Amino acid sequence: MIVIDGNDGTGKSTLVKALDALGLLVKDRGLPTKASDDGVPPRETWPKGERYLILDVPVEVSRQRLAAAGKDLTERYHTVEDLTFYRERYLGVAKGFGVEAIDSSGPIEQTVAWALKQLGLSGPMRVGVPKGRLLPAVSEVLKRAGVDFAALAPRQLAITVGGIRYYLLKPRSIPQLVALGFLDAGFCGRDLVLESGYDERLEVFHDLGIQKVQLCVGAASADIVNRPPDRPVAIATEFPHLASRWAFGKNLSHIILSSWGSTEAWVPDLADVIVDVVETGETMKANGLVLLETLLESTTVLIQRTNGILEHTKIGQAIRGGGAA
């Protein structure tokens with residue numbers, strides 16, 4: 001949960017509505033309000049999973065907003081003295097929680113932009129959805145969370161639902177786009193996360209447990225590892241990063257051949273080894289290949305950048321819980 005807090009008249013409820021419309025899980029007031037009287041408690045006692053945004057405006061702005069809302073400016077927390085006292089207290093609370101107080105005296109659009117920046121977002125959330133064989137299963141998961149890709153018009157590649165923008169993309173592009181901040185989250189195979197080379201920047205928010213495959217190494221003969229040819233071993237694959245890592249681990253001089261499909265057909269005439277995803281292994285057997293090693297098992301996962309925002313979103317909660325957004 002994202003907790004919006006601060007002095008009366010700072011625009012908390014307005015920001016809550018704006019962020020809620022963008023699909024974020026937000027509430028008005030929480031631990032910072034208590035801390036403004038009692039002091040910031042030890043970090044280990046903070047509610048797990050909460051993030052705090054503290055709003056700040058000059059006292060005269062608070063008074064103007066409270067008056068416009070029909071509030072009694074003589075009651076407690078609305079007087080000049082109380083607003084002045086608690087403004088300073090909330091600035092101290094913000095420092096204690098390790099966040100920068102947000103100047104919310106301007107237009108709500110500006111406050112939203114600064115709030116999103118503090119949350120690590122450049123704007124409304126952007127989520128990558130894989131085209132191809134992963135799309136039907138991912139679409140079904142998203143449909144249960146309230147996002148229906150059947151509503152897409154022909155050739156339409158993006159849709160906005162619940163304030164979140166979803167993009168239909170090639171699965172291989174999604175890990176890089178998330179890692180570099182062009183997307184905030186995305187669905188893809190775990191194998192593609194590792195292949196991307198950005199896995200240290202990414203975290204798996206949720207494993208959907210669907211589209212199970214294995215990334216395997218195959219060859220015409222098991223002797224290729226112990227008795228390699230007097231030249232670099234030719235490896236046909238759509239996974240050059242993982243294939244090279246395997247070959248280096250076997251001390252094999254090698255060259256990578258980009259297969260881009262029908263990889264099993266490359267051995268033995270065009271390549272010595274393949275590194276490819278298999279579901280049953282029957283195609284590999286049918287082409288006379290020997291399974292040398294299974295590098296990893298892969299399923300479809302929802303990824304985000306390390307310390308991302310998904311746990312504070314309706315879509316993230318719905319996908320983890322299997323409910324509706």
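Residues numbered from 1 in each chain as written. Predicted model: local features only at pLDDT ≥ 70, side-chain atom pairs only at ≥ 80, totals over all residues. Heavy atoms only, no water.

> Kindly report on the pairing of strand 3 (residues 51-56), identifying the contributing residues and their values.
Burial of strand 3 is extensive: five of the six residues sit out of reach of the surface. Looking at chain direction, strand 1 (residues 2-6) and strand 3 are connected through five bridges and run parallel. Directly across from Val3, in strand 3, lies its bridge partner Tyr52. With two bridges joining them, strand 3 and strand 4 (residues 102-103) adopt parallel strand pairing. The residue of strand 4 that forms the bridge with Asp56 is Asp103. (Buried < 20%, exposed > 50% of the residue type's maximum accessible area, 1.4 Å probe, protein only. Helix = DSSP H or I, 4+ residues; strand = E, 2+ residues; numbered from the N terminus. Pairing = 2+ DSSP bridges.)

> I'd like a description of helix 5 (residues 108-118), backed by residues and values.
Of the positions making up helix 5, those classed as buried are Thr111, Val112, Ala115 and Leu116. For helix 5, the angular spread of buried residues about the axis comes to 130°, placing them on one side. Pointing more than 90 degrees away from the buried face of helix 5 are the exposed residues Glu109 and Lys117. The secondary structure elements touched by the buried residues of helix 5 are helix 1 (12-21), strand 3 and strand 4. At the C-terminal side of helix 5, Gly120 shows a positive phi close to 90°. (Arc of directions from axis to C-beta. Contact = heavy atoms within 4.5 Å.)

> Just give me the short version of the nonpolar core, but keep the residues and values in it.
Buried together is how nonpolar side chains tend to be arranged in soluble globular proteins. Counting 40 residues, the largest nonpolar core has Leu19, Leu24, Leu142, Phe149, Tyr166, Phe187 and Ile315 as its most contacted members. Discounting residues that sit within four places of it in the chain, Ile315 has contacts with Leu142, Ala145, Val147, Ile164, Tyr166 and Leu310. Within the second largest apolar cluster, 16 residues are counted, among which are Ile224, Val233, Trp246 and Val273. (Core = buried A, V, L, I, M, F, W, Y, C linked by side-chain atoms within 4.5 Å.)

> Please set out the packing of helix 2 (residues 31-38) against helix 4 (residues 80-97) residue by residue, giving values where relevant.
At their nearest, the axes of helix 2 and helix 4 sit 9 Å apart, and the two run at 115° to each other. As summarised for this structure, helix 2 and helix 4 are arranged roughly perpendicular, according to the angle between their axes. For the pair helix 2 and helix 4, the sense of crossing is right-handed. Along its contact with helix 2, which presents Leu31, Pro32, Thr33, Ala35, Ser36, Asp37 and Asp38, the element helix 4 presents Tyr86, Arg89, Tyr90, Val93 and Phe97. Among the residues forming the contact of helix 2 with helix 4, the class breakdown is seven nonpolar, two polar and three charged. (Axes fitted to C-alpha atoms, helices over the stretch in contact; angles between N-to-C directions. Parallel < 35°, antiparallel > 145°, perpendicular 65-115°, else oblique. Left-handed = near helix turned anticlockwise from the far one by under 90°. Nonpolar A, V, L, I, M, F, W, Y, C, P; charged D, E, K, R; others polar.)

> I'd like a description of the environment of Asn7, backed by residues and values.
Among the secondary structure elements, Asn7 is positioned in the loop between strand 1 and helix 1. Taking the relative accessible area as the measure of exposure, Asn7 reaches 7% and is therefore buried. Note: C-alpha distance between Asn7 and Arg87 (80 residues apart in sequence) is 6.0 Å. Leaving out residues up to four positions away in the same chain, Asn7 has contacts with Lys12, Arg29, Leu55, Leu83, Tyr86, Arg87 and Tyr90.

> Could you give an account of helix 1, with specific residues and numbers?
Inspection of helix 1 places Lys12, Leu15, Val16 and Leu19 among the buried residues, and these make up the whole buried set. Along the long axis of helix 1, the arc covered by the buried residues comes to 105°, so they all point the same way. The elements touched by buried residues of helix 1 are strand 1, strand 2 (26-28), strand 3 and helix 5. Just downstream of helix 1, Gly23 is the residue with a positive phi angle, here 85°.

> Can you break down the packing of helix 1 against helix 5 residue by residue, with the values?
Where helix 1 contacts helix 5, the two axes come as close as 10 Å, and the packing angle between them is 65°. In terms of their interaxial angle, helix 1 and helix 5 are classed as roughly perpendicular. Remark: the crossing between helix 1 and helix 5 carries right-handed chirality. Across the interface between the two elements, Thr14, Leu15, Ala18 and Leu19 from helix 1 touch Ile108, Thr111, Val112, Ala115 and Leu116 from helix 5.

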